[in-house]
Amino acid sequence: MVILFFTLLNEVWAQNFSASVNRKKVAVNQTFTLSFKIDASGNRFTPPNLSKFQVLSGPNQSSSMTYVNGRMTQSITYSYQLRAKSNKLGVIQIGPASIQSNGKTIKSNIVSVEMVKASQQNKNNNQNNNITDQLNDNIHLVLTVNKSNLYVGEQLTATYTLYFNANINGLTDYVKVPGFSSFWSQEFELKENNVTQGNYKGNRYYKSVIKKVLLTPQKSGELTIEPMGVELSARVRIPSRSFFSSYRDIKHTVQSRSKKIKVKALPSGKPATFNGAVGSFTLKSDLSKTEAKTNEAISLTIKVKGNGNLKLFDTPDLEIPPDIETYEPKIKENIKMSNSGNSGYKSFEYVLIPRYAGEYKIPSITFSYFDLTKKRYLNLKTPDYVLNIEGEEKAETTPTTGVNYSNKDEITLLGEDVLFIKTNSDPFREIGKYYFKSGLFYFLIYCPLIILFALIFIFKKHKALNEDLVLVKRRRASRLTKKRLASAQKHLKENNVSGFYEELSRALWGYFSDKINIPFSEISKEKIASLLTEKKLNGEITNELMEIIDQCEFARFAPGSVSDDLESVYKKTAKAITNIDDKI
């Protein structure tokens, strides 16, 4: 009973969602900070009505972790910098905010601020305001992109650079981490202490790149690259009447602006073999041997090389004769990131095992992509291959009606003078009944024809199913997802948090890409949510899936802040995909 009591108490505490302000009395035209803190993981934060205030910045999101007595806890804070719109004095109430945590919606408390005259404030406010203004003039966080007009699937680089002419001790926290919800993103590895000199608005500053991301837009339209906010520690000089000046370390928050980019949809007339590849590529194939014996493994390698969204397009489709067994390809990548995008190669190695002798043709493979230079779709093809297989012939499906002895010596007498006398007689046959034109006779005559037509029907149906690329992708969606989840589980066992969430995210996007028949590069949370709503799935399943996607995105951009139980996240993902697969 005591254990149950503390367990319930812990759950209540873990979902505590509170609101606070940094000062209860605020002077007219003075800024103050409104904060909402949840002592657990949460998403879908909804702020209160702030129409009476001017929002200078926010919501600025920050997270923290504590480790006490062997237990890790996490908290998330959403903060706003506000200023009252009117000069009216008195108390202003701020209503509750809401957030979703553990499948439940919880609300914060109501807070109040009292608007007073400026003369009632602490005398140090003017000095503090001067210091803040001084830091605002000398520290800037700037978001730049190398492209602002591009196609879906075309890559761009977003860079967050800190310009400063102040004595900065270092970053203390991230108050807002951009989510890139409409992009597929890859973060660059940055060198430590990458401080150089630069120019900002005509003035010389020191500059340091604090975040650099390669982005691939997944949908068309005007997209927003979200701003980023950081808290840093700066050492400032405090004026004094004495000969010596004093210095003080001040925590200062700086935030970049957002950036609008225009993303154009890919032109119409996409080839049937187009799989979302955008850039400039070459195609090469190699067959390990053209002559082999039955049950002998043959390797077919397809290699795509070039510049573009190499990580986003899917496995090419093969048309292999049915008498050759094919396995899922082994994928190898050697991809490098640069300001111009990804470059390198991606290879697919297939293992082919012929089961019967004969001559088999492996048709050419067509790889289609959108060329950014020529602004049109191009098709690349591999050559046809012919396999000559020796060994066991395939058994005939039509049964034989006679008996032939290939070796007459198999029937010989043993040299006895008298053969064995039979003790039983042959069965009698009724007069007038013959095997010819009997039921069994006609059955054996027409049975091969029936089997032949059945095989033709099955073959045509199998061929029609394989020609329907949409249906083929849907059938293999679950199988590919299981393989990707197995890769994520491998990272889980190795405690590789970044690799775990990378594979988990790839599994989710790939699963819905095949199910909805949308290229991997164009899938988005909005399209997934629309599909689940259209299929009238349980809202709890949809919310849980969206929460998992948010966790993956958050983990990939702020891996040091992740504290979720990876085993629990893995099980939730597998369960959600199973529930969705049963109903789609």
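Residues numbered from 1 in each chain as written. Predicted model: local features only at pLDDT ≥ 70, side-chain atom pairs only at ≥ 80, totals over all residues. Heavy atoms only, no water.

K.L.:
Can you explain the overall build of the protein? Please cite residues and give values.
P.N.:
For the protein, the helix and strand inventory stands at eight helices and 31 strands. Across the 584 residues of the protein, 40% fall into the buried class. Sequence separation of 24 or more characterises 72% of the internal contacts of the protein that already satisfy a separation of 6 or more. As presented, the protein carries roughly 35,100 Å² of accessible surface, and 51% of it is formed by carbon and sulfur atoms. (Helix = DSSP H or I, 4+ residues; strand = E, 2+ residues; numbered from the N terminus. Buried < 20%, exposed > 50% of the residue type's maximum accessible area, 1.4 Å probe, protein only. Contact = heavy atoms within 4.5 Å. Areas by Shrake-Rupley, 256 points an atom, 1.4 Å probe, with all protein chains shown as cover.)

K.L.:
Which residues make up a nonpolar patch on the surface, and what values do they have?
P.N.:
A cluster of nonpolar side chains, contributed by Tyr 442, Ile 445, Tyr 446, Leu 449, Ile 450, Leu 452, Phe 453 and Ile 456, occupies part of the molecular surface with about 800 Å² of accessible area. Classification of Ile 456 as partly exposed rests on a relative accessible area of 38%. (Patch = residues over 30% accessible without salt bridge, like charges linked within 9 Å, V, L, I, M, F, W, Y side chains within 5 Å. Salt bridge = Lys/Arg side-chain N within 4 Å of Asp/Glu carboxyl O.)

K.L.:
Can you explain unusual backbone geometry? Please cite residues and give values.
P.N.:
In the Ramachandran plot, Phe 180 falls in the positive-phi region, its phi being about 55° despite a non-glycine side chain. Residue placement: Phe 180 occurs in the loop between strand E14 (167-176) and strand E15 (183-187). Assessed through its relative accessible area of 2%, Phe 180 is described here as buried.

K.L.:
Describe the nonpolar core, and please don't skip the residues or the numbers.
P.N.:
Residues Phe 500, Phe 512, Ile 528, Leu 545 and Ile 580 are the most contacted members of the largest nonpolar core, which totals 31 residues. Breaking this core down by element, the ones donating at least two residues are helix H4 (469-493), helix H5 (497-516), helix H6 (525-534), helix H7 (539-557) and helix H8 (566-583). Non-local contacts of Phe 500, meaning those with residues more than four positions away in its chain, are made with Ala 488, His 491, Leu 492, Leu 566, Val 569 and Tyr 570. (Core = buried A, V, L, I, M, F, W, Y, C linked by side-chain atoms within 4.5 Å.)

K.L.:
Account for the pattern of salt bridges, with residues named and values stated.
P.N.:
Counted under the stated rule, the structure contains eight salt bridges. In this structure, Glu 154 engages Lys 147 in a salt bridge whose closest nitrogen and oxygen atoms are separated by 3.1 Å. Taking the relative accessible area as the measure of exposure, Lys 147 reaches 24% and is therefore partly exposed. We note a salt bridge from Asp 249 to Arg 235, for which the minimum N-O separation is 2.8 Å.

K.L.:
Now, about the packing of aromatic side chains: what can you tell me, with residues and values included?
P.N.:
By the definition in use, this model includes 19 aromatic pairs. Ring geometry for Phe 36 against Phe 45: centres 5.7 Å apart, planes inclined by 55°, an arrangement best described as tilted. The two residues Phe 36 and Phe 45 agree in class, both being buried. On the basis of an interplanar angle of 80° and a centroid distance of 5.8 Å, the ring pair of Tyr 200 and Tyr 205 is categorised as edge-to-face. Judged by its relative accessible area of 17%, Tyr 200 falls in the buried class. When its relative accessible area of 8% is taken as the criterion, Tyr 205 is described as buried. Site record: aromatic cluster; members linked through ring pairs are Phe 17, Phe 36, Phe 45 and Tyr 78. A cation sits over an aromatic face here: Lys 303 above Tyr 345, 4.2 Å from the ring centre. (Phe/Tyr/Trp six-rings, centres within 6.5 Å; stacked < 30°, edge-to-face > 60°. Lys NZ or Arg CZ within 6 Å of the ring centre and 35° of its normal.)

K.L.:
Give me the lowdown on the sheet that holds strand E12 (residues 149-151), citing residues and values where you can.
P.N.:
Judged by pairing direction, the sheet is mixed, and its three strands sit side by side in the order E12-E21-E18 without closing on themselves. The open sheet has two edge strands with one neighbour each: E12 and strand E18 (221-225). Strand-to-strand twist in this sheet, taken as the mean axis angle between neighbours without regard to direction, amounts to 40°. With three bridges connecting them, E12 and strand E21 (residues 259-264) associate as parallel partners. Bridge assignment links Asn 149 to a residue of E21, and that residue is Lys 262. (Pairing = 2+ DSSP bridges. Axes fitted to C-alpha atoms, helices over the stretch in contact; angles between N-to-C directions.)

K.L.:
An account of the environment of Ala 97 is needed here, citing residue identities and associated values.
P.N.:
Take Ala 97: it is sitting in the loop between strand E7 (90-94) and strand E8 (98-101). A C-alpha to C-alpha distance of 4.7 Å links Ala 97 and Pro 47, two positions 50 residues apart in sequence. The residues contacting Ala 97, other than those within four sequence positions of it, are Phe 17, Phe 36, Phe 45, Thr 46, Pro 47, Pro 48, Ile 106, Lys 107 and Ser 108.

K.L.:
So what's going on with the pairing of strand E9 (residues 104-107)? Residues and values would help.
P.N.:
Pairing of E8 with E9 involves four bridges; the strand directions are antiparallel. Across the sheet, residue Ile 99 finds its bridge partner in E9, namely Ile 106. Between E8 and E9, which pair antiparallel one after the other, the connecting turn spans two residues, and Asn 102 there sits at a positive phi close to 55°.

K.L.:
I'd like to hear about the environment of Asn 109, residue by residue, with values.
P.N.:
By the element assignment, Asn 109 lies in the loop between E9 and strand E10 (111-116). As a C-alpha pair, Asn 109 and Ser 20 span 89 residues in sequence and 8.6 Å in three-dimensional space. Among all residues touching Asn 109, those that are not within four sequence positions of it are Phe 17, Ser 18, Ala 19, Gly 95 and Pro 96. A polar contact is formed between the side chain of Asn 109 and the backbone nitrogen of Ala 19, at a distance of 2.8 Å. (Polar contact = N/O pair within 3.5 Å; in protein donor to acceptor, adjacent residues only side chain to side chain.)

K.L.:
Before we move on, could you go through the sheet that holds strand E23 (residues 291-293) and cite the residues and values that matter?
P.N.:
Judged by pairing direction, the sheet is mixed, and its three strands sit side by side in the order E23-E31-E28 without closing on themselves. Of all the strands in the sheet, the pair left with one neighbour each is E23 and strand E28 (358-362). On average, each strand axis in the sheet is inclined to that of its neighbour by 30°, with strand direction left out of account.

K.L.:
Outline the side chain of Thr 382, listing residues and values.
P.N.:
Examined against the element boundaries, Thr 382 turns out to sit in the loop between strand E30 (376-381) and strand E31 (385-390). Only 2.9 Å separates the side chain of Thr 382 from the backbone nitrogen of Ile 365, close enough to count as a polar contact. Setting aside anything within four residues of it in sequence, one finds Thr 382 in contact with Leu 283, Ser 285, Ser 364 and Ile 365.

K.L.:
Residue-level account of the pairing of E31, with values.
P.N.:
Here E31 shows a buried face lined by Tyr 385, Leu 387 and Ile 389 and an unburied face lined by Val 386, Asn 388 and Glu 390. Bridge analysis of E23 against E31 gives three bridges, and the strand direction is parallel. Paired with Ala 292 across the bridge in E31 is Ile 389. In this structure, E28 lies alongside E31, joined through five bridges in antiparallel fashion. Across the sheet, residue Ile 362 finds its bridge partner in E31, namely Tyr 385.

All we've got here are geometric facts, nothing functional implied.
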